Amino acid sequence: MKHVPNFAMSIPLAHYHIARRDGGDIASADLLLQDSLLFFPMILVPLMDQCSVQLDKEVSGHSFFSTAELNDSTSELQRMITLYVKRCESCWKEAGVISWLEANVKAVLEIVNKGQDPRPKEYALLRKKRFRRPPLSTVRHYFLSEIQGLGLPRQYLGSSLLNYDPFPPHDSIAAYSRPPRQTVASEDHSGVLRTLLRSLMPSYNPYEPSNMRDRQQLNANEGDEGENEGAVGGNTMSQQLEHSVQAVMQAMRQLLSLPFGPAQGQDGNNQEDQVELEENEREWEEDEDNFDNLR
């Protein structure tokens with residue numbers, strides 16, 4: 001794991017903080033950091049730029065710390081280094097850490113200028129062999145990190161993604177599978193009234209094919225057993241539809257047979273009121289005659 005940028009730089013930094021906390025020697029942290037810079041020299045310039053630290057001209061102008069290798073589109077070093085620098089820049093901004101890093105950078109330059117240490121050439125060959133095709137877990141981390149400028153490897157740009165599970169592993173277990181969506185029959189020649197009556201039944205299913213051609217196609221796909229069950233279901237549906245139509249027609253007949261004039265009870269009441277009114281008028285006339293006779 002030390003031959004990936006994040007571990008290669010984080011392990012020496014952890015040893016440095018432990019030594020400072022316990023009051024011990026930081027020599028082991030120095031050796032680890034120098035080895036990491038020999039393996040990943042191109043990480044120095046982006047890290048210092050992110051920390052807003054200006055390097056010496058001797059360091060920035062040296063070819064060993066050049067970032068030209070990061071321009072290789074077939075290598076994952078550029079994305080891995082960008083991810084580490086964006087995530088861990090705050091760990092390197094401390095004053096003591098920056099001074100410790102600068103001292104070890106000068107020590108690395110001395111090793112490179114002497115040319116006696118075989119590690120720079122060996123590490124360069126290892127970098128060319130590795131970091132070619134990232135694992136899906138790393139690509140998934142790229143996508144979920146949402147770091148600006150990170151991007152995805154070229155071979156994964158055209159792949160379809162699921163927002164809830166991007167780039168799942170090949171041996172992943174799908175806990176949920178989306179059921180297929182049923183489509184409504186596009187052709188329905190049964191008429192509006194027939195469809196309305198069918199919708200009144202409790203067993204109405206809007207996704208069930210209504211025309212005979214769709215029913216035949218559905219039965220043919222289901223096989224012999226499905227054909228028999230479909231025939232029974234079709235007969236039951238026809239019987240229910242026939243009963244519903246008869247019930248509606250009976251209700252319409254009863255509605256049409258009702259009289260549109262006043263009810264019989266109302267006619268009787270009107271006649272009684274008329275008789276009572278005539279009697280009152282007759283009594284009123286008799287009272288007037290009696291009153292005239294008295295005068």
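- As annotated in an unreviewed UniProt entry, the chain carries the name Transcription factor 25-like and comes from Biomphalaria glabrata.

## Description of the packing of aromatic side chains
So, point 1. Enumeration according to the criterion identifies 5 aromatic pairs in this entry.
So, point 2. Plain terms: the ring middles of Phe-39 and Phe-40 are 4.7 Å apart, the flat faces sit at 50° to each other, and that makes the pair tilted.
So, point 3. Judged by centre distance (6.3 Å) and plane angle (5°), the rings of Trp-92 and Trp-100 are stacked. The exposure classification of Trp-92 matches that of Trp-100, with both residues buried.

## Here we look at the side chain of Asn-104
So, point 1. Tracing the chain through its elements places Asn-104 in helix H6 (residues 95-114).
So, point 2. For Asn-104, a relative accessible area of 3% translates into the label buried.
So, point 3. If near-sequence neighbours (up to four positions away) are discounted, Asn-104 is found in contact with Asp-30, Leu-33, Gln-34 and Leu-37.

## Focus: the environment of Val-85
So, point 1. One can find Val-85 in helix H5 (residues 77-88).
So, point 2. For Val-85, a relative accessible area of 4% translates into the label buried.
So, point 3. As a C-alpha pair, Val-85 and Leu-47 span 38 residues in sequence and 5.6 Å in three-dimensional space.
So, point 4. Apart from the residues within four sequence positions on either side, Val-85 is in contact with Ile-43, Pro-46, Leu-47 and Gln-50.

## Observations regarding the nonpolar core
So, point 1. Counting 42 residues, the largest nonpolar core has Met-9, Phe-40, Leu-47, Phe-65, Trp-92, Trp-100 and Leu-101 as the members making the most contacts within it.
So, point 2. Breaking this core down by element, the ones donating at least two residues are helix H1 (5-22), helix H2 (27-39), helix H3 (44-50), H5 and H6.

## Quick word on the confidence of the model for the chain
Detailed reading of the predicted coordinates is not advisable wherever pLDDT is low.
So, point 1. The share of residues in the chain with pLDDT of 70 or more is 65%, and the mean pLDDT across the chain is 75.
So, point 2. Helix H11 (residues 264-294) is the least confidently modelled element of the chain, averaging 56 in pLDDT, while H2 averages 94, the highest of any element.
So, point 3. Predicted confidence for residues 184-188 stays below pLDDT 50, and this span has 12 contacts to residues more than four positions away or in other chains.
So, point 4. Segment residues 260-268: pLDDT under 50, and 1 contact once partners within four positions in sequence are set aside and those in other chains are kept.

## Focus on the pattern of salt bridges
Pairing between side chains of opposite charge can happen when the charged atoms of each approach one another.
So, point 1. Under the criterion given, the structure shown has 6 salt bridges.
So, point 2. The closest approach of N and O atoms between Arg-79 and Glu-76, which form a salt bridge, is 2.9 Å.
So, point 3. Measuring nitrogen to oxygen at the nearest pair gives 3.3 Å for the salt bridge that ties Lys-93 to Glu-89.
So, point 4. Residue classification places Glu-89 among the buried residues on the basis of a relative accessible area of 19%.
So, point 5. Within this structure, Asp-35, Asp-117 and Arg-119 form a network of salt bridges that share partners.

## Here we look at the state of the cysteines
So, point 1. Within the structure shown, the criterion is met by 0 disulfides.
So, point 2. Between Cys-88, a free cysteine, and Cys-91, which holds the nearest cysteine sulfur, the sulfur-to-sulfur gap is 5.1 Å.

## Quick word on a nonpolar patch on the surface
So, point 1. Residues Val-245, Val-248, Met-249 and Met-252 make up a contiguous nonpolar surface patch of about 290 Å² in total accessible area.
So, point 2. In this fold, Met-252 is placed in helix H10 (residues 212-257).
So, point 3. Its relative accessible area of 45% is what places Met-252 among the partly exposed residues.

## What to know about unusual backbone geometry
So, point 1. Although it is not a glycine, Ser-52 sits at a positive phi angle of roughly 60°.
So, point 2. Examined against the element boundaries, Ser-52 turns out to sit in the loop between H3 and helix H4 (57-60).
So, point 3. Residue class for Ser-52 comes out exposed when judged on its relative accessible area of 68%.
So, point 4. The backbone phi angle of Glu-146 is positive, close to 55°, even though this residue is not glycine.
So, point 5. Tracing the backbone through its elements, the reader meets Glu-146 in the loop between helix H8 (136-145) and helix H9 (192-199).
So, point 6. Residue Glu-146 is classed as exposed on the basis of its relative accessible area of 71%.

Definitions and limits used
- Per-chain numbering applies: the sequence of each chain, read as written, is numbered from 1 onward.
- Per-residue local features of the predicted model are confined to residues with pLDDT of at least 70, and side-chain atom pairs are confined, for both listing and counting, to 80 or more; whole-chain, interface and lining totals are unaffected and use all residues.
- Excluded from the side-chain calculation are hydrogens and water; included are all heavy atoms of the structure.
- Note on aromatic pairs: the rings of Phe, Tyr and Trp (six-membered ring only in Trp) are paired at centre separations within 6.5 Å, and the planes decide the class, stacked below 30 degrees, edge-to-face beyond 60, tilted for the rest.
- Three exposure classes are used, based on accessible area relative to the maximum for each residue type with a 1.4 Å probe and protein chains only: buried under 20%, partly exposed in between, and exposed over 50%.
- A run of H or I in DSSP counts as a helix once it spans at least four residues, and a run of E counts as a strand once it spans at least two, with each numbered from the N terminus.
- Contact between two residues is taken to exist if any of their heavy atoms lie within 4.5 Å; hydrogens are not considered.
- Take the buried residues of types Ala, Val, Leu, Ile, Met, Phe, Trp, Tyr and Cys, join any two whose side-chain atoms come within 4.5 Å, and each joined set is a nonpolar core.
- The quantity known as pLDDT measures the predictor's confidence residue by residue, on a range of 0 to 100.
- A pairing counts as a salt bridge when a side-chain nitrogen of Lys or Arg comes within 4 Å of a carboxyl oxygen of Asp or Glu.
- In this description, the term disulfide denotes a pair of cysteine sulfurs within 2.5 Å.
- Only residues whose relative accessible area exceeds 30% and that take part in no salt bridge are eligible for patches, with like-charged residues grouped when within 9 Å of each other and nonpolar side chains (Val, Leu, Ile, Met, Phe, Trp, Tyr) grouped when within 5 Å.
- Surface exposure here means Shrake-Rupley accessible area, sampled with a 1.4 Å probe, where a residue is shielded only by the protein chains that are shown.

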